[in-house]
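Residues per chain, in single letters:
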Amino acid sequence: MLSRAVTFQFALDPNLEQRILFAKCAGARRFTVNHHLARVKANLDARSTEREMLSECGDPCEPSTASLSWSGFSFITEFNAWKNGESDDSLVNEDGTRGLAWRHELPGDVFECASVDAARALENFSASRRGARRGSSVGFPRFQAKGKVTPSFRLRNRAPSSESPSSQPIRFTDPTHLRLPRYGPVKLFGPTRKVRRMIDAGRFHVYSATLTQRADRWIVSLTGVAAELHQAERSRSNRHAVPVGVDRGIISLCVAADANGVPFDRFEGVKTLKQAHASLKSANQALARTTPGSKGRQRARARLAKTHRKVANTRRHLVHQASKALIERCQVLVVEDLNVAGMVRNRHLARSISDAAMGELSRQLLYKAKWHGVEVRVADRFFPSSKTCSGCGVVKNDLDLSTRTYSCGACGLVIDRDLNAAINLARWQPKEPSEVILLDPTRAVLLSTA
Ligand SMILES: [Zn+2]
């Protein structure tokens, strides 16, 4: 019944006591992850040293040091025993007690979720080493240094969805307060009506709450499962029947046009993003002018972090508006597969802004399409959407990034560059019916041609 993965985010307004507790929890998460990484690293090192010595003696035996289990379950068991003073290597405190002295101050879930996170990071590392993971290679997980990683921790909502909303450990106590286990009600900002109504109607169940500190503000992400959207929402009859191609614009956020060559829509917004980037640049410059370790540097760093948050929020908001409009009005959408690794290296500012926004747009379109019963096709990254003439199909050899208008030498068509690309995308057909294309290594998109 509840099968749709959904996350709701809210900014929190914790009191001083809660703030201190949040900071301690984030510290405990770092501590736990580092504990596991150090254990695994020591074990790997011991085994490799032993293996070297054995090979020098010409002995083909396996090292006698046993390898550790990297599963989240065994990490949880090991850490619980260690922190409760039940392991041989548990800490011994000054008063003679064993175990982690401050363990009772925090919810135990913080340690368990951190153990699971450490196991997941190690799994990514080992999958990459085995060659079972797409994308760039993943090294041994980094130790979590204070001030270097974003303070964050997770708490699970340990109650089944069958239990009533009022007895869930993580729940809204009133329109402006979220109850978290061990913290009591935490004040939050923003409209909560929609999510509260979904919870009360049994249409959303919270799995976990992740708290993250971004530029001095704590954000909670409530992750869970929701009911499918209403049938009327999934099968709107007034949707555009012809496939619509969506191309990233340089001036606009994106340009959409259908396969018949009719412009569909143009989503503006790069100007807002550019302004945001300008303030980011000046905040960066202000930081560079300050002396390391000074009060002024602290202030400049806080200002920069705040600007970063604003830029991210602005972008997300704009992209949500565009993805919502496209999903509500189209039946079939075609987007390009962006080379994410290549995008980051792009130093052309306008291009990099639109690339980043477009990557986010594709991500949103893909999950919203699933919810609303819309088909999203992902054109392969070698499809020459910009270089092809949408009038006669001739492909140009090269097209400068600064050329804003496409003019065809073969048929004489003169058309806006982004519009031309959008039309070509709309006409793109998958070579193999129902072929699986990976836009993002973590999620597969099945293209159905039905
Ligand atoms: Zn042409």
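Reading the values: the criteria
Residues numbered from 1 in each chain as written. Predicted model: local features only at pLDDT ≥ 70, side-chain atom pairs only at ≥ 80, totals over all residues. Heavy atoms only, no water. Helix = DSSP H or I, 4+ residues; strand = E, 2+ residues; numbered from the N terminus. Contact = heavy atoms within 4.5 Å. Polar contact = N/O pair within 3.5 Å; in protein donor to acceptor, adjacent residues only side chain to side chain. Expected span 1.5 Å × (residues − 1). Core = buried A, V, L, I, M, F, W, Y, C linked by side-chain atoms within 4.5 Å. Buried < 20%, exposed > 50% of the residue type's maximum accessible area, 1.4 Å probe, protein only. Axes fitted to C-alpha atoms, helices over the stretch in contact; angles between N-to-C directions. Parallel < 35°, antiparallel > 145°, perpendicular 65-115°, else oblique. Left-handed = near helix turned anticlockwise from the far one by under 90°. Nonpolar A, V, L, I, M, F, W, Y, C, P; charged D, E, K, R; others polar.

Colleague: In this structure, what is going on with the environment of Asn157? I would like to understand it.
Modeller: Checked against the element boundaries, Asn157 lands in the loop between strand E2 (152-156) and strand E3 (171-174). Spatially, the C-alpha atom of Asn157 lies 8.4 Å from that of Pro181, the residues being 24 residues apart in sequence. In contact with Asn157, other than residues within four places in its own chain, are Gln168, Pro169, Ile170, His205, Val206, Tyr207 and Ser208. From its side chain, Asn157 meets the backbone nitrogen of Ile170 in a polar contact 2.8 Å long.

Colleague: What is the right way to look at helix H3 (residues 108-130) in this model?
Modeller: For an α-helix the count is 3.6 residues per turn, leaving residues at separations of three or four pointing the same way. In this model H3 runs 33 Å from its N-terminal to its C-terminal C-alpha over 23 residues, within 8% of the 33 Å that 1.5 Å per residue would give. Once H3 ends, the next one or two residues include Gly131, with phi positive near 85°.

Colleague: How do you make sense of the nonpolar core when you look at a structure like this?
Modeller: Judged by nonpolar contacts, the single largest core of 36 residues is most densely connected at Phe153, Leu180, Phe204, Leu211 and Leu222. Excluding residues that lie within four positions of it along the chain, Phe153 makes contacts with Phe22, Cys25, Ala26, Arg29, Val110, Tyr183, Ala209, Thr210, Leu211 and Trp218. Counting residues in hydrophobic clusters, the runner-up holds 27 residues, among them Leu318, Ile327, Val335 and Leu338.

Colleague: I keep staring at the packing of helix H2 (residues 72-83) against H3 and nothing clicks. Help me out?
Modeller: The axes of two packed helices give the description: the angle between them and the distance between them. H3 packs onto H2 with a crossing angle of 135° between their chain directions and a minimal axis gap of 8 Å. Classed by the angle they form, the pair H2 and H3 counts as oblique. Along this stretch, H2 crosses H3, giving a crossing that reads as right-handed. Counting all contacts with H2, which are made through Gly72, Phe75, Ile76, Phe79, Asn80 and Lys83, the residues of H3 involved are Phe111, Glu112, Ser115, Val116, Ala118, Ala119 and Leu122. Partitioning the contact of H2 with H3 into residue classes produces eight nonpolar, three polar and two charged.

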